[in-house]
Amino acid sequence: MKKIKICTAILIVVLQFSCKERKKENTVPAEANQETSVDSAQTFLEAKNFDAIIDNKETHLYWIENNGIKAAFTNYGGRLVGLWMKDKNGKLTDIVIGMNSVSGFQKSTEPYFGATIGRVGNRIAKGKFTLEGKQYTIPLNNNGNTLHGGIKGFQDVVWDAAKTNNNTLVFTYTSPDMEQGFPGTLKVKVIYTLTAAKGLKMEYEATTDKTTVINLTNHAFFNLNGEGSGTILNHQMQIFANQFTSVDSGLIPTGELKDVAQTPFDFTAVHTIGERIDVENEQLKFGKGYDHNYVLNDLKTGEMIHAASVLGDKSGIVLDVYTQEPGLQFYSGNFMQSKNILKSGIKDDFRTSFALETQHFPDAPNHSNFASITLKPGQKYHTVSEYRFSVKK
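Rules behind the numbers
Residues numbered from 1 in each chain as written. Predicted model: local features only at pLDDT ≥ 70, side-chain atom pairs only at ≥ 80, totals over all residues. Heavy atoms only, no water. Helix = DSSP H or I, 4+ residues; strand = E, 2+ residues; numbered from the N terminus. Areas by Shrake-Rupley, 256 points an atom, 1.4 Å probe, with all protein chains shown as cover. Buried < 20%, exposed > 50% of the residue type's maximum accessible area, 1.4 Å probe, protein only. Pairing = 2+ DSSP bridges. 1 Å grid on protein atoms, 1.4 Å probe; cavity = no way out; pocket = protein on both sides within 12 Å on 5 of 7 lines; lining within 4 Å. Points joined across faces, edges and corners; volume = space filled by probe spheres on them. Nonpolar A, V, L, I, M, F, W, Y, C, P; charged D, E, K, R; others polar. Axes fitted to C-alpha atoms, helices over the stretch in contact; angles between N-to-C directions. Contact = heavy atoms within 4.5 Å.

Section: the overall build of the chain
Step number 1: Check the secondary structure of the chain and you find 4 helices and 28 strands.
Step number 2: When the accessible surface of the chain is summed, it comes to about 17400 Å², and 51% of that surface belongs to carbon and sulfur atoms.

Dropping the structure here:
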């Protein structure tokens, strides 16, 4: 009997100690949780949700990381799914909005979230252009014009993917002759690399067997305060451009390079995105906000130039854009309509993200004063852009 009593007493003590330890584990302060490793970014997404068969090709989720930054991609559309880094308070923050599954991207009313865009990024007037005396017609998908490569652009194809090391992912795709009306078999490679300097480097390459047009970019949608954190209108922005390409009511360039001085488009000094977005201005009216191409200053062939800098007002996260491209499309999320559920479980509300797309100018084949986007057999298309990240305390 004494042995039973002693054993029972020991069991009670053990149980009490165990309960106390569990209670301790469950009362870890929120601040401590915020100081987690960037590795915990993986808990936001499940790989199985990206395993699918589309056009008889497999899709998957891929991760790359370097120096405290981690990024997720899917080969459906060559997409950046999310990008995690710590903000000024050490809180792990996903600054690129997206969906938590391939089906989410397929069903989204916004088809371009994080996608590699092609063959021709931005708009082509009436879906028509002429090369070597022959006119080509591309399917219309944007108010009587063509946007981002037609009805089924590169955002809707399955790319081949190869993770060459822990911080580099290579996407390749062969676009057949006359796909979406574009001439030539185009072989495309896009190399996404997270650099030691906390940058997402994007290197684009392509060759063709017939004269064609090409203007590749990435369409990441950013909220530097974190996906689902609300408006981007208080983000502070600077764009290093003295001119922009004015547009008509269909957002097609008129051909005029317009000075930004004394207009709401002047971001040569720092302004918040929302400071002048609702002023009376015909160009803002056409875009329902900012949806315009900026003519970047100090462009030198083959050199990387500083295109823009943006600061998240709450997070302190800074995005600097560098590119070899002559233009930068600034889009302020004007067509976001709360119709899609993002990774965070929050809807994509009006102006809760922005895009900065490095590019040649929109509708370039139809404007002789714009830099050419023509690619001929024997030539190699090659351009580099980079999103660089830092934190301002």
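Okay, back to it.
Regarding the pairing of strand β5 (residues 79-86)
Step number 1: When you tally the buried positions in β5, you get 7 out of 8 residues, the bulk of the element.
Step number 2: The sheet contact formed by strand β4 (residues 69-74) and β5 spans 5 bridges and is antiparallel. Among the inter-strand pairings, A71 is bridged to a residue of β5, identified as L83.
Step number 3: Taken together, β4 and the strand that follows it, β5, pair antiparallel across an intervening segment of 4 residues, in which G77 is found at a positive phi of about 80°.
Step number 4: Here 3 bridges tie β5 to strand β6 (residues 92-94), and the two strands are oriented antiparallel to one another.

Notes on the layout of surface pockets
Step number 1: Its boundaries defined by the atoms lining it, the largest pocket holds a volume of some 570 Å³.
Step number 2: Considering the residues around the largest pocket, the lining is formed by 29 residues, among which E110, N142, L147, Y331 and F335 are closest to the centre.
Step number 3: Residues of the lining of the largest pocket, tallied by class, amount to 9 nonpolar, 13 polar and 7 charged.

Some thoughts on the sheet that holds β4
Step number 1: A sheet is described by the order of its strands in space; here 4 strands give the open sequence β3-β4-β5-β6, paired in antiparallel fashion. Lying at the two open borders of the sheet, with one neighbouring strand each, are β3 (61-66) and β6. Across the sheet, the mean angle separating the axes of adjacent strands is 20° when strand polarity is ignored.

Some thoughts on the pairing of strand β18 (residues 236-239)
Along any regular strand, the residues point their side chains to alternate faces of the sheet.
Step number 1: Where β18 lies against strand β21 (residues 271-272), 2 bridges are found, and the strand directions are antiparallel. Bridge pairing in β21 places M237 opposite H271.
Step number 2: Summarising the sheet, β18 and strand β23 (residues 305-311) pair through 4 bridges and their orientation is antiparallel. Bridge pairing links Q238 to S309 in β23.

Section: the side chain of T195
Step number 1: Looking at the secondary structure, you find T195 in the loop between β14 (186-194) and β15 (199-208).
Step number 2: Judged by its relative accessible area of 17%, T195 falls in the buried class.
Step number 3: Not counting the four nearest positions on each side in its chain, T195 is found in contact with N66, K201 and E386.

What about unusual backbone geometry?
Step number 1: Residue R119 is reached from G118 by a cis peptide bond, and omega for that bond is 0°.
Step number 2: Along the polypeptide, R119 turns up in the loop between β7 (116-117) and β8 (123-124).
Step number 3: Despite not being glycine, N143 has its phi angle at roughly 55°, a positive value.
Step number 4: Tracing the backbone shows N143 in the loop between β10 (134-137) and β11 (146-147).

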